[in-house]
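Read off the chains here:
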Amino acid sequence: MNKQNKKIIILGSTGSVGRQTVDVARAYSVTVEGIAAYQNIHCLEEQIRLMHPRFCAVLHEEAAKDLSVRTADTDTKIVSGQEGLLQMIEASGADMAFNSIMGRAGLEPTLAAIHRGMDIALANKETLVCAGELVMQAAKENRVKILPVDSEHSAIFQCLLAGKREEVKRLILTASGGPFFGRTKDELRGISKEQALKHPTWSMGQKISIDSATMMNKGFEIIEACHLFGLSADKVDVIVHRESIIHSMVEFTDGCVMAQMGLPDMRSCIRYALFYPDRCVYQGESLDLTTLGKLTFYSPDEDTFSLLPLARRAFQTGGLLPCVLNAANEAAVDLFLHDQIEFMDIFDIVTKVVQTYPNSENPTLFEIMQADKEVRSAVKEGMLK
């Protein structure tokens, strides 16, 4: 399909990745059929007036009413709630859905877009963490592509083109190490929210910034990589690369390692997913290797950042545990962001929940959603008593 004719919807359009997707779509005159967000109506109104989408879904129903009044002079139809979002996906007629909705909330829209026959540009880790087997099977049955937008998985996707899948020895996910690289558990006690949100290289939303600080994001990325690329967890390694220039690597059976490099800018991953299998022409800033000085690599401290190995074990055990891991983490991070628990409590809460929640093999979507709801309630009620 010619890139000028491609039609997309952007789910989570007011978040960091969503806004960058809007930038790319406008730069390349891509038709945006629909946008969706929770309640940031000021940003949504701006996007409506810039791109003139046919639909805009607002999850918060009162905010949707306000936006309808503010955009009454436009041709964009405002729909509200989860039902409205799913209706927009069904009616949009788009070829591709860019999904950067935060957290488990991105799962149902992903499945809806897959069943509608849309290719998925996925920037939502939790979709595959919670229900990777169901999502990948649905994509296969509906013959749609899932193209990763996370910088690490986009890098692996590109590096894999250098060889056959049976020639892959291991995937190597790179991690910035977050704001607390090199610190011990004792040094992490008393960490403030402001300190945890200060990422050294990437500009991200609050939730994913905290996940980077705990390194839970890399645990999620291990699970995501296993589903995307059909590999076991023991074939996915993590190394700390502070400069965030090498976005990830693939080692092949002959000992060769392919690395994808670039500036730390999500727009490059968005462009690649949007125009795959072609590459677009980009006139912006390029990577200048002569200015880098050096590239450094370290093994992650899995004793201090214990959620990383916990995520690996949850995936290896399977069943409901990856979903339970995600739900506990989302609930704990939310408590931390609202100053109700300490930073190190996130580690303790998530670990305890994963170790004690009753598992179930081959869960259905209903069972996954039920477990997600139960875990969130248990974490919040337990910490607020």
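Bear in mind the structure is a predicted one, so any value in this text is a computation, not a measurement. (Residues numbered from 1 in each chain as written. Predicted model: local features only at pLDDT ≥ 70, side-chain atom pairs only at ≥ 80, totals over all residues. Heavy atoms only, no water.)

## So, the overall build of the protein
- Within the protein, the secondary structure is distributed over 15 helices and 11 strands.
- Here the C-alpha radius of gyration of the protein, 20 Å, is about what a compact globule of 385 residues would show, namely 21 Å.
- Looking at the protein as a whole, 55% of its 385 residues qualify as buried.
- Nonlocal contacts in the protein, meaning residues at least 24 apart in sequence, comprise 69% of its contacts between residues at least 6 apart. (Helix = DSSP H or I, 4+ residues; strand = E, 2+ residues; numbered from the N terminus. Rg over C-alpha atoms; globule rule 2.2 N^0.38 Å. Buried < 20%, exposed > 50% of the residue type's maximum accessible area, 1.4 Å probe, protein only. Contact = heavy atoms within 4.5 Å.)

## Here's the deal with the environment of Met51
- Looking at where Met51 falls in the secondary structure, it is placed in helix H2 (residues 41–51).
- A relative accessible area of 13% places Met51 in the buried class.
- Put simply, Met51 and Val22 are 29 residues apart on the chain and 8.5 Å apart in space, counted from C-alpha to C-alpha.
- Residues contacting Met51, with those up to four places away along its chain left out, are Val22, Arg26, Val32 and Ile35.

## Re the packing of helix H1 (residues 16–27) against H2
- Packing of H1 against H2 brings their axes to within 12 Å, and their N-to-C directions diverge by 10 degrees. One element, H1, and the other, H2, form an angle in the roughly parallel class. Residue-level inspection shows Arg19, Val22 and Arg26 of H1 in contact with H2, the latter providing Cys43, Gln47, Leu50 and Met51.
- Partitioned by chemical class, the residues of the contact of H1 with H2 number four nonpolar, one polar and two charged. (Axes fitted to C-alpha atoms, helices over the stretch in contact; angles between N-to-C directions. Parallel < 35°, antiparallel > 145°, perpendicular 65-115°, else oblique. Nonpolar A, V, L, I, M, F, W, Y, C, P; charged D, E, K, R; others polar.)

## Topic: the pattern of salt bridges
- Tallying each qualifying case throughout the model produces 26 salt bridges.
- Across the salt bridge formed by Glu62 and Lys65, the nearest N and O atoms sit 3.4 Å from each other. With a gap of three residues between them, Glu62 and Lys65 both fall in helix H3 (residues 61–70), about one helical turn apart.
- With a closest N to O distance of 2.5 Å, Glu251 and Arg170 form a salt bridge. Taken together, the positions of Glu251 in strand E10 (residues 246–252) and Arg170 in strand E8 (residues 168–175) put the pair 81 residues apart, joining distant regions of the chain.
- Overall, Glu251 belongs to the buried group, its relative accessible area being 10%.
- The class for Arg170 is partly exposed, based on a relative accessible area of 27%.
- By sharing partners, the salt bridges in this structure join Arg104, Glu108, Glu330, Asp372 and Arg376 into a single network. (Salt bridge = Lys/Arg side-chain N within 4 Å of Asp/Glu carboxyl O.)

## Some words on the sheet that holds E10
- Read from one edge of the open sheet, four strands run E9-E8-E10-E11, paired in mixed fashion. Taken across any chain shown, the strands that pair with only one partner, and hence form the sheet edges, are strand E9 (236–240) and strand E11 (257–261). Across the sheet, the mean angle separating the axes of adjacent strands is 20 degrees when strand polarity is ignored.
- Of the strand pairs in this sheet, E8 and E9 are connected by five bridges, and their pairing is parallel. For Thr174, the partnering residue across the bridge sits in E9 and is Ile239.
- Contacting E8, E10 and E11, helix H7 (residues 151–159) runs over the sheet at an angle of about 40 degrees to E10. (Pairing = 2+ DSSP bridges.)

## A few points about the layout of surface pockets
- As a volume, the second largest pocket reaches approximately 400 Å³.
- Contributing to the lining of the second largest pocket are 20 residues, with Gln260, Ser268, Arg271, Arg279 and Tyr282 lying nearest its centre.
- For the lining of the second largest pocket, the secondary-structure elements that each account for two or more residues are H7, E11 and helix H11 (266–275).
- Looking at the lining of the second largest pocket, the element that brings in the most residues is H11, giving five residues.
- When the residues that make up the lining of the second largest pocket are grouped by side-chain class, the tally is seven nonpolar, seven polar and six charged. (1 Å grid on protein atoms, 1.4 Å probe; cavity = no way out; pocket = protein on both sides within 12 Å on 5 of 7 lines; lining within 4 Å. Points joined across faces, edges and corners; volume = space filled by probe spheres on them.)

## Regarding the sheet that holds strand E1 (residues 7–11)
- Pairing is parallel in the open sheet, where seven strands are placed in the order E4-E3-E2-E1-E5-E6-E7. Strand pairing shows two members of the sheet lacking a second neighbour, strand E4 (77–80) and strand E7 (146–148), which therefore form its edges. Put simply, the sheet's adjacent strands are angled 20 degrees from each other on average, direction ignored.
- Direction of pairing for strand E2 (residues 31–37) relative to strand E3 (residues 55–58): parallel, over a ladder of four bridges. In the sheet register, Ile35 faces E3, and the bridge partner there is Cys56.
- Across the face of the sheet, H1 comes into contact with E1, E2 and strand E5 (96–99) while running at roughly 160 degrees to E1.

## A word on the nonpolar core
- Counting 126 residues, the largest nonpolar core has Val149, Leu171, Leu325, Phe343, Ile346 and Val350 as its most contacted members.
- Per-element tally for this core: the top contributor is helix H13 (residues 321–337), with 12 residues.
- Those residues in contact with Phe343, other than ones at most four positions away along the chain, are Phe180, Leu188, Ile191, Ala196, Ala213, Thr214 and Phe336. (Core = buried A, V, L, I, M, F, W, Y, C linked by side-chain atoms within 4.5 Å.)

## Quick look at the environment of Met266
- One can find Met266 in helix H11.
- Distance from Met266 to Val17, taken between C-alpha atoms, is 7.0 Å for residues 249 residues apart in sequence.

## Quick word on the environment of Gln195
- Residue placement: Gln195 occurs in helix H8 (residues 193–196).
- Residues Gln195 and Ala213, 18 residues apart in the sequence, show an inter-C-alpha distance of 9.2 Å.
- Not counting residues within four places of it along the chain, the set of residues in contact with Gln195 comprises Pro179, Phe180 and Gly190.

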